[in-house]
Amino acid sequence: MAELQRLLTLLKELDDQLAGCMKCGMCQAVCPLYAETGREMDVARGKLVLVEHLSSQLLNDPQGVQKRLERCLLCGSCAKACPSGVPVVDIFIKARAIIGEYLGLPPIKKLIFRSLLPRPRLMDGLQRLAAAGQGLFSKKADPILGSSCARFNAPVIRDRHYLPLATTPLHGELGEIDEPAGPGGTKVGFYPGCLVDKIFLDLGRDAIDVLRHRGHGIFVPGEQVCCGIPALSSGDRQGFERLVGRILNQFEDADIDYLITPCATCTATIRTIWPLMAEYLPQREQQRVRRLAEKTRDITEFLAEGLDKASGEPQHGSGEKTGITYHDPCHLQKTLSISQAPRRLIGANSNYDFREMGAPDRCCGMGGSFNLLHYDLSRQVGQKKAEDILATGADTVATACPACMIQLVDQLSRTGKSIRVAHAVQIYAETLPQRAQKEQS
Amino acid sequence: MASKNVIRAFQDLLGRENVYTEAADRHAYSFDSAVLDPVVPELVLQPTDTESLAGAVRLCNENELPLTVRGAGTNLSGGTLPAREKGVVLLTNSLNRVLEINTEDLYARVEPGVITAQFARAVAEKGLFYPPDPGSQTVSTLGGNVAENAGGLRGLKYGVTKDYVLGLDFFDVDGELIKTGARTVKCATGLNLAQLMVGSEGTLGVFKEIVLKLVPPPAAQQAMLAVFDSVDRASETVSAIIANKILPCTLEFLDNFTIRAVESFRGAGLPTEAGALLLIEVDGHPAQVEEDARKVREICQEMGVTELKVSQSAQEKESVWQARRDALPALARLKPTTVLEDATVPRSKLPAMVRAINDIANRHNLTIGTFGHAGDGNLHPTILTDKRDSEEFERVERAIEEIFDTALELDGTLSGEHGIGMAKSKFMEKEATRGTILYSRRLKQALDPKGILNPGKIMGA
Ligand SMILES: Cc1cc2nc3c(=O)[nH]c(=O)nc-3n(C[C@H](O)[C@H](O)[C@H](O)COP(=O)(O)OP(=O)(O)OC[C@H]3O[C@@H](n4cnc5c(N)ncnc54)[C@H](O)[C@@H]3O)c2cc1C
Ligand code: SF4
Ligand code: SF4
Ligand code: SF4
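The present account deals with the structure reproduced in this document. (Residues numbered from 1 in each chain as written. Chains lettered and ligands numbered in written order. Predicted model: local features only at pLDDT ≥ 70, side-chain atom pairs only at ≥ 80, totals over all residues. Heavy atoms only, no water.)

**Topic: the overall build of chain A**
Counting secondary structure elements, chain A contains 25 helices and nine strands. Counting the 441 residues in chain A, one finds 63% classified as buried. Accessible area for chain A stands at about 16600 Å²; split by element, carbon and sulfur atoms hold 50% of it. (Helix = DSSP H or I, 4+ residues; strand = E, 2+ residues; numbered from the N terminus. Buried < 20%, exposed > 50% of the residue type's maximum accessible area, 1.4 Å probe, protein only. Areas by Shrake-Rupley, 256 points an atom, 1.4 Å probe, with all protein chains shown as cover.)

Below is the structure:
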């Protein structure tokens, strides 16, 4: 009973934000899920009403509401288009956490979010096991394990086209780095995010190369801790807070001006979700969160700002240009309004011929754990993206979020066409002097 | 709750996945865009072809389950709220095929769930034009547009949805197919049932297929933004433009409150002290557009316009229109609840109506921004409030009633385009005679004796 009261009290705190929804339905026009299903409970308006009715006790089915809230990419398309300015994603994240707390986590999720993810060394051991075992991993745990963006189980899920896991994660390869800034550079902390750490190691290496080339001093802690969004979107606020705490500790004492990440999802999480959820923390912790959040920058934005200064970066080759297009990650374009920076980075490499695809900012359908919980729906949305990419005739598609990269690889390889998927920073890194030489020789 | 057997019959007909019985699903269909209390249906059905649509209607009738058809659920009058008992919501949004766009005979055939803007785009790709453009066009369905007789910004010159309905196939309450109208512009065959269905809000039949008229698109457009220091000036300008035999395709109006809201929302440099803004667009043959635009400019000058911005490029046209597009978002953000009314008066009564709305706002101590379609007298007084504040909301309800009374005193109508639904049915008697309502009810009684088709809507309380 007391717990129910607590659920209702916490939900009531969302009232003011919920009341802003005028139920106009304009979010139907942009919701990638509604486009597939035409179901009101898949679009923001319907889900907001469910939270409202749960809060006002018109509907007494927290499980049912939780299940429907999980059918959401958290892509923010609705919030961006909403005429009434309803912070839809904020509401959904909080509602998931509140209902999650009330219902409790399934034991397996508890194990992952509370025990595994906050213990990086244990994770590394598991990763080695998983990478070596290729599919021997416990079947039952699979889908949920994968719901951390870590994806160390990716190879064994259904018929998807997966990316292999590295045996040694990026942070194992790099070790702790603490280099002073060169002339004109600043000191930056580098936070690769789990997917770069465990799958897209090349991207991590490229990012560090570019930062070094620009003369920035780099700090990388010896361990990778997840940014917490998988735990939080599963409704686990406690697990989330533990992860946040660890990252704060990692970067607190390093004397950095910026925290740079090549993962749009991580940037958006640290910049917007952390401060949002900080209101549940003690005052002192709130300040720590705000301080790090304010320092956090997406790598494309950070590098694009330096583009004019970093003039004279050599351009190589004069032969045929490769066609390239760009997919806007929701967490960059919708959450942080960054869309020009990555395009400028791509534009800086004259070996490519840029072609805009139709609806470049339509969600790819990944949505973190959504992809695991609702793979068929995720694939339907992803296939539209694949079609738009193919229609440009480009050989390469760049984006700025490793989570999108996983989805693009999966969806494009389904079409049987071989299209390269890369991060905008990787395209830009090809212009570095040492790379240009390597390619020419 | 509908019996297990009935539910099974629906599942057999439509497929299990298209019959929603769980509470959390049904609650997602307990509302539309009107500011009214939710009503939760007992069953939600989503047929995927028109044959099972007919079957679903028949089953509802046989089992005496009151049925409410729902397109996108964006109507502003509660037209898609289900009956309080045993209510079934029937979704048409999976019936979304454009069946034909005929470029020789200038018509299109569509299923009712096709989304308005997507249809207009498909038509434009074939080099033709479907003018009705309600503000909700990116999500509204054509079935919903016909059932509400939706208007839009182009009403003055191009008319509203009813002017484009050539023919209609619909199911009566027994699920029997009725074909009416034709694919021709002219049709004098039998009763004009197609037009009876326009604006019927799901009370007389369920649309299966709609034949819509298409027109050639105008070759050129020009948009202008004109600033006036008073509503009267703006309104006299509207009358003068029309008296000069110019029919702009759009003639939109923003009052001072809305101008200030838009300016603080976008900061595009609108004059916040202005009494009214007019957005005027003329279209047609390039030479004609040139000529009309020149005359409109002259009229505006003569009427004492304080500022006049003429769009030279497509980009400038966008920026002129931005102010109008921002009106609702800018207002909606000011307070939690947005009540969008649509009282309509003859064009010449516009200043009197705007003045009356401001009086009502002051008298009840409410915030009301007014914008709308000045060309056809269709205003949208937008009341900004918080429905959780019951004392204030009572004042809102009184204000709404007074707005209606004023519109009627000025020879206007309760609704220009949003329909009657639940929200206004109790006011019907103010506008229509008792006889009118009885006639409508007898018609309904004859066609739907058990009162299955969207009961409680339109026909008065
Ligand atoms: C932001 C906003 C702006 C708007 N702007 C305008 C505007 O400019 N002009 C305007 O006219 N309206 C406007 N509206 C109101 C609304 O969008 C229109 O009435 C629209 O036509 C409704 O379409 P829908 O698909 O949402 O229909 P719904 O709301 O789902 O249904 C409307 C009515 O039609 C009936 N119906 C739907 N489909 C069928 C069918 N196949 N057979 C029989 N009956 C059916 C329903 O039972 C209901 O009574 C606006 C609404 C919003 C929220
Ligand atoms: S667009 Fe915004 S206000 Fe409109 S229904 Fe969706 S969430 Fe609510
Ligand atoms: S966040 Fe994305 S998927 Fe979720 S409701 Fe909004 S638009 Fe739809
Ligand atoms: S968003 Fe990035 S860091 Fe966060 S969990 Fe996913 S991959 Fe890991």
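**Structural notes on the interface of chain A and chain B**
Taken together, the contact between chain A and chain B spans 33 residues of the former and 32 residues of the latter. Interface of chain A and chain B: buried area, both sides summed, is about 2500 Å²; carbon and sulfur atoms make up 54% of it. Counting across the chain A and chain B interface gives four salt bridges. The partner of Asp 25 of chain B in a salt bridge is Arg 68 of chain A, and the shortest N-O contact between them spans 2.6 Å. Counting the contacts that link chain A with chain B gives 16 residue pairs in polar contact (both at pLDDT 80 or more). Mapped onto the side of chain A that touches chain B, the elements with two or more residues apiece are α2 (15–19), α3 (32–37), α4 (44–55) and α5 (62–70) of chain A. Considering every element that reaches the side of chain A that touches chain B, the biggest residue donor is α4 of chain A, with five residues. Of the residues in the side of chain A that touches chain B, the class split is 14 nonpolar, 10 polar and nine charged. (Contact = heavy atoms within 4.5 Å. Buried area = accessible area lost by both parts, 1.4 Å probe. Salt bridge = Lys/Arg side-chain N within 4 Å of Asp/Glu carboxyl O. Polar contact = N/O pair within 3.5 Å; in protein donor to acceptor, adjacent residues only side chain to side chain. Nonpolar A, V, L, I, M, F, W, Y, C, P; charged D, E, K, R; others polar.)

**Regarding the nonpolar core**
Ranked by size, the top nonpolar core spans 131 residues in total, and within it Trp 274 and Leu 303 of chain A carry the most contacts. With residues up to four places along the chain from it excluded, the contact list for Trp 274 of chain A reads Cys 227, Phe 240, Val 244, Ile 247, Leu 248, Thr 269, Val 289 and Leu 292 of chain A. If you look at the next biggest cluster of nonpolar residues, it comprises 57 residues, including Ile 246, Cys 300, Ile 360 and Leu 414 of chain B. (Core = buried A, V, L, I, M, F, W, Y, C linked by side-chain atoms within 4.5 Å.)

**Overview of the sheet that holds strand β6 (residues 322–326) of chain A**
Residues and elements named next belong to chain A. Taken together, four strands build an open sheet; the order of strands is β7-β6-β8-β9 and the sheet is parallel. Each end of this open sheet is capped by a strand with a single partner; those strands are β7 (352–354) and β9 (420–423). Strand-to-strand twist across the sheet, computed as the mean angle between neighbouring axes with direction ignored, equals 35 degrees. Relative to β7, β6 runs parallel, the two sharing three bridges. Following the sheet pairing, Gly 323 is matched in β7 by Asp 353. Along the sheet face, helix α20 (residues 340–347) touches β6, β7 and β8 (396–399) and points at about 170 degrees away from the line of β6. (Pairing = 2+ DSSP bridges. Axes fitted to C-alpha atoms, helices over the stretch in contact; angles between N-to-C directions.)

**Side note on helix α13 (residues 201–213) of chain A**
Side chains three or four residues apart in an α-helix point the same way, a direct result of the helix having 3.6 residues per turn. All names here are of chain A. With 13 residues, α13 should reach 18 Å at 1.5 Å per residue; the first-to-last C-alpha distance of 18 Å fits that figure. Residues Leu 201, Leu 203, Gly 204, Asp 206, Ala 207, Ile 208, Val 210 and Leu 211 constitute the buried set of α13. Immediately downstream of α13, the backbone of Gly 215 shows phi near 90 degrees, a positive value. (Expected span 1.5 Å × (residues − 1).)

**Focus on the site of ligand 1**
Taken together, 36 residues sit near ligand 1, with Val 69, Gly 71, Thr 74, Ser 136 and Thr 141 of chain B positioned nearest. The environment of ligand 1 is shared, with nearby residues belonging to chains A and B. Gly 71 of chain B has a polar backbone atom sitting 2.7 Å from an oxygen atom of ligand 1. Between ligand 1 and Glu 417 of chain B there is a distance of 3.0 Å, counted from a nitrogen atom to a side-chain nitrogen or oxygen. Among the elements of the structure, β3 (67–70), α5 (142–148) and β9 (206–213) of chain B are those that each provide at least two residues to the shell around ligand 1. The element that contributes the greatest number of residues to the shell around ligand 1 is α5 of chain B, accounting for five residues. (Near = heavy atom within 4 Å.)

**Looking at the site of ligand 3**
All names here are of chain A. Taken together, 13 residues surround ligand 3, and among them Cys 31, Cys 72, Leu 73, Cys 75 and Cys 78 come closest. Sorting the residues of the shell around ligand 3 by element identifies α3, α4 and α6 (77–81) as the ones contributing at least two each. A per-class count over the shell around ligand 3 returns nine nonpolar, two polar and two charged.

**Here's the deal with the packing of aromatic side chains**
Residue and element names in this part refer to chain B. All told, the structure shown has six aromatic pairs over all chains when counted by the stated rule. Note on Tyr 130 and Tyr 164: the rings are 5.8 Å apart at their centroids and 75 degrees apart in plane angle, and the pair reads as edge-to-face. Taken together, the residues span a long stretch of sequence, with Tyr 130 in the loop between α4 (116–125) and α5 and Tyr 164 in the loop between α6 (155–158) and β7 (165–171) at a distance of 34 residues. As far as the burial class goes, Tyr 130 and Tyr 164 line up, both buried. Both rings, one in Phe 404 and one in Phe 427, keep their centres 4.9 Å apart while their planes meet at 70 degrees; by these two values the pair is edge-to-face. Here the residue Phe 404 occupies a position in helix α13 (residues 390–409), and Phe 427 occupies one in the loop between α13 and α14 (428–431), the gap between them amounting to 23 residues. (Phe/Tyr/Trp six-rings, centres within 6.5 Å; stacked < 30°, edge-to-face > 60°.)

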